[in-house]
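Geometric and topological summary
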Amino acid sequence: MNGAGGVFADTGSGHDAPVPCIQPRMRPSAGSTTRKLLLAFGALVALFAAASGFALGRLSDIHEGSRTLREAGGRVRDALELATAVRDEYAHLAHTVILGNASHVRFHSEARARVEALTRKLWDQAQDAEERAWVADIRESGDALDRLYRESLLPAVLAKDQGAVTAAHGHALEKVNIIQARADALASRFDASIGRFEDHVAAVERASFRWALLFLGGATLFAAGVGVYIGNSVARPVARLSEGAARLSQGDLRTRIPEDDPGELGQLAAQFNRMMEAVRTHQEQWVQHEKLAGIGRLAAGVAHEINNPLGVILGYVRLLQRKAEGGLAEDLKVVEEEAMRCQDIVEGLLDLSRPGRGPLERVPLREACEDVVGRLREAARLGDVRVSVEGEAAAWVQPPRLRQVLLNLVKNAAEAAGEGGSVEVRIEAGGDGATSVAVSDSGPGMTPEERARLFEPFFTTKPTGTGLGLAVSQAIAEAHGGRIEADTGPLGGARFTLRLPPPTRAQEALS
Ligand code: ADP
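Attention in this report is confined to the structure presented alongside it.

What counts, and where the lines are drawn
- Residues numbered from 1 in each chain as written.
- Predicted model: local features only at pLDDT ≥ 70, side-chain atom pairs only at ≥ 80, totals over all residues.
- Heavy atoms only, no water.
- Helix = DSSP H or I, 4+ residues; strand = E, 2+ residues; numbered from the N terminus.
- Buried < 20%, exposed > 50% of the residue type's maximum accessible area, 1.4 Å probe, protein only.
- Areas by Shrake-Rupley, 256 points an atom, 1.4 Å probe, with all protein chains shown as cover.
- Lys, Arg positive; Asp, Glu negative; His and termini not counted.
- Charge placed at Lys NZ, Arg CZ, Asp CG, Glu CD.
- Contact = heavy atoms within 4.5 Å.
- Near = heavy atom within 4 Å.
- Polar contact = N/O pair within 3.5 Å; in protein donor to acceptor, adjacent residues only side chain to side chain.
- 1 Å grid on protein atoms, 1.4 Å probe; cavity = no way out; pocket = protein on both sides within 12 Å on 5 of 7 lines; lining within 4 Å.
- Sits in = over half its atoms within 2 Å of the grid points.
- Core = buried A, V, L, I, M, F, W, Y, C linked by side-chain atoms within 4.5 Å.
- Patch = residues over 30% accessible without salt bridge, like charges linked within 9 Å, V, L, I, M, F, W, Y side chains within 5 Å.
- Salt bridge = Lys/Arg side-chain N within 4 Å of Asp/Glu carboxyl O.
- Points joined across faces, edges and corners; volume = space filled by probe spheres on them.
- Nonpolar A, V, L, I, M, F, W, Y, C, P; charged D, E, K, R; others polar.
- Pairing = 2+ DSSP bridges.
- Expected span 1.5 Å × (residues − 1).
- Bend = angle between axes of the 7 residues up to and from the residue.
- Phe/Tyr/Trp six-rings, centres within 6.5 Å; stacked < 30°, edge-to-face > 60°.
- Lys NZ or Arg CZ within 6 Å of the ring centre and 35° of its normal.

Structural notes on the overall build of the protein
- Scanning the protein from N- to C-terminus turns up 11 helices and seven strands.
- Viewed in the frame of its principal axes, the protein has a C-alpha envelope of about 190 × 40 × 40 Å.
- The buried share of the protein, reckoned over its 511 residues, is 38%.
- As presented, the protein carries roughly 27900 Å² of accessible surface, and 57% of it is formed by carbon and sulfur atoms.
- Charge-centre separation for the protein: the mean point of 59 positive side chains lies 2 Å from the mean point of 67 negative side chains.

Set out below in structure tokens:
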């Protein structure tokens, strides 16, 4: 009992069953999504840095303006204080005149010292030539006032010289007026500069507020844009991938993920889809192979047991046919045909269990095809179907197995073409040494449903068909490292193309 190991247990041809594999078809474009994300985040950070830098600059302007305002306020206070101090000095001068003694000399000196200190301060704070000239006037008039008090007015008061007192007092009043006028002018000047600074600081504040609003609004909009961009270009594709993976884990191998993302995530989706396709194809092949293997094991187990009684039945039927006549002879003919059909099925099942065993030989394909056509014609299986064989090539195969495949394909084509139809067998060799034999017919072709099930064991649309011919042929082709493909051919009907791999180096060396 042979072939219990199933179709792929031993192909005998040295070729393994085709296992789909995922090819790395495209190189991922070096991190384009990462680059875009970095760019978006970089732009965001740069915008916030620019906004912060601008805000800090404006704050420093405002701070500087406030400091200048405080200083200008201090200068106004100093100028007004100087005017007060001069009036104070004058008051002590007047008291000296009124009291007619030296009791206010000490107070006058103190007031004088304050005036001098404030004059020095204002000199330091003066900002232009005019202000410095006014402060110089104050200093000169102050010095003159002091000299008048000590050298003229006080001696005249003590000497009770009314005329000299009156004259000195008049001069002193002039000096006091000059000092007060200059101090007032300085105060007004400083006050005006305060007004200007206040306007400037207010303008800076307004501009800062506008820009801050613009930056904050712009940054918020930009951040929202970056968020939407990340959502579209990363989060959504990742979610779709995750959904696809979830559907896959639930066993949905037909799930597909949209590949519209232009970056790596789109490529990942495409890879994922290819992986799905490969897994699905592999699974289907595996199921088919397991099915065939199971059938093969079963067939191998019972083939002998059925073959023997079938042989006995056929022997007796043929013996009885010699003596039988009339209706009995016809009945025996039916029994013989059905028994032979059973034999075909058993043979087919056994073929499925051992599609490839035996040595490979270099076979000229044209000869093999013509031989098959000749045999079919001899056996009257072609009727008046025209069969042509075109092209030439050679392949390394097991001759009986190749013949079996060609026989199945040409027989099916002739049956599909029907009386008066035509069949074309075209042999071709590719540049790499791979060969193909395409059998086309002028029959009705196949419906999509038939096409999907052609290679299933026991699928047949013929009343007396076994549905094993194409399944066995495909198993044999795969055992040789090739395959059979079905499509619509040039004669309008179906075309079945047997593809065989190129020879190995050792085979080439032997050719
Ligand atoms: P069978 O010939 O015993 O039916 P096969 O496995 O050889 O078994 O073929 C399976 C089925 O494939 C056929 O019944 C038929 O429906 C379809 N088929 C095969 N060859 C052709 C063809 N040349 N044109 C149209 N249909 C075909």
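Considering the environment of Glu428
- Secondary-structure assignment places Glu428 in strand β4 (residues 422–429).
- On the basis of relative accessible area, Glu428 is assigned to the partly exposed category, the value being 43%.
- Separated by 306 residues in the primary sequence, Glu428 and Leu122 place their C-alpha atoms 112 Å from one another.
- Those residues in contact with Glu428, other than ones at most four positions away along the chain, are Ala393, Ala434, Thr435 and Ser436.

As for the site of the ligand
- Neighbouring the ligand are 19 residues, the closest being Asn412, Thr460, Thr461, Lys462 and Leu470.
- Taking Thr466, its main chain carries an N or O atom lying 2.9 Å from an oxygen atom of the ligand.
- Residue Gly469 places a main-chain N or O atom 3.3 Å away from an oxygen atom belonging to the ligand.
- Coverage of the ligand by the protein amounts to 94% of the 530 Å² it exposes when considered alone.
- The cavity where the ligand resides is the largest pocket.
- Mapped by element, the contributors of at least two residues to the shell around the ligand are α8 (399–417), α10 (469–479) and β7 (494–500).
- Counting residues per element, the shell around the ligand draws most heavily on α8, at three residues.

Concerning the nonpolar core
- Formed by 46 residues in total, the largest nonpolar core has its most connected members in Leu402, Val437, Phe496 and Leu498.
- With eight residues, α8 is the single largest residue contributor to this core.
- Ranked by size, the runner-up nonpolar core spans 35 residues in total, among them Leu93, Tyr149, Phe190 and Ile194.

Observations regarding a nonpolar patch on the surface
- Taken together, Val312, Tyr316 and Leu319 make up a surface patch of nonpolar side chains, about 310 Å² in accessible area.
- You can see Tyr316 is positioned in helix α5 (residues 264–323).

Re the layout of surface pockets
- Here the largest pocket is characterised by a volume of approximately 1500 Å³.
- Surrounding the largest pocket, 45 residues form its lining, Lys411, Asn412, Glu415, Lys462 and Gly465 being those nearest its centre.
- Broken down by element, the residue count for the lining of the largest pocket peaks at 11 residues, all from helix α6 (residues 326–353).
- A class-by-class count of the residues in the lining of the largest pocket yields 18 nonpolar, 12 polar and 15 charged.

What to know about the pairing of β4
- Bridge count for strand β2 (residues 386–390) against β4 is five bridges, and the pairing is parallel. By the bridge assignment for β4, Val389 is matched with Val425.
- Sheet topology note: the β4/strand β5 (residues 435–441) ladder contains seven bridges and is antiparallel. From the neighbouring strand, Val425 faces β5, where its bridge partner is Val439.
- Once β4 ends, the chain turns through five residues before running back antiparallel as β5, passing Gly433 with a positive phi of about 95 degrees.

Structural notes on the side chain of Arg401
- Mapped onto the fold, Arg401 is located in helix α8.
- Residue Arg401 is classed as buried on the basis of its relative accessible area, which comes to 11%.
- Among the polar contacts listed, one links the side chain of Arg401 to the side chain of Gln404, at a separation of 3.0 Å.

Let's talk about helix α3 (residues 129–158)
- For α3, which comprises 30 residues, the first-to-last C-alpha distance of 42 Å matches the rise-based estimate of 44 Å (1.5 Å per residue) to within 8%.
- At Tyr149, α3 shows its maximal bend, which comes to roughly 40 degrees.

Observations concerning the packing of aromatic side chains
- Under the criterion given, the structure shown has three aromatic pairs.
- Aromatic side chains Phe54 and Phe215 sit 5.5 Å apart centroid to centroid with 55 degrees between the ring planes, which places their arrangement in the tilted category. Here the residue Phe54 occupies a position in helix α1 (residues 32–99), and Phe215 occupies one in helix α4 (residues 162–249), the gap between them amounting to 161 residues.
- When its relative accessible area of 22% is taken as the criterion, Phe54 is described as partly exposed.
- Taking the centre distance of 6.1 Å and the plane angle of 40 degrees together, the rings of Trp211 and Phe215 count as tilted. One end of the pair is Trp211 and the other is Phe215, both in helix α4 and four residues apart, which spans about a single turn.
- What makes Trp211 partly exposed here is its relative accessible area of 41%.
- Grouped by ring-pair contacts, the aromatic residues Phe54, Trp211 and Phe215 constitute a single cluster.
- Over the ring of Phe190 we find Arg75; its NZ or CZ atom is 4.9 Å from the centre of that ring.
- Note that Arg139 overlies the ring of Trp123, its terminal NZ or CZ placed 4.9 Å from the centroid.

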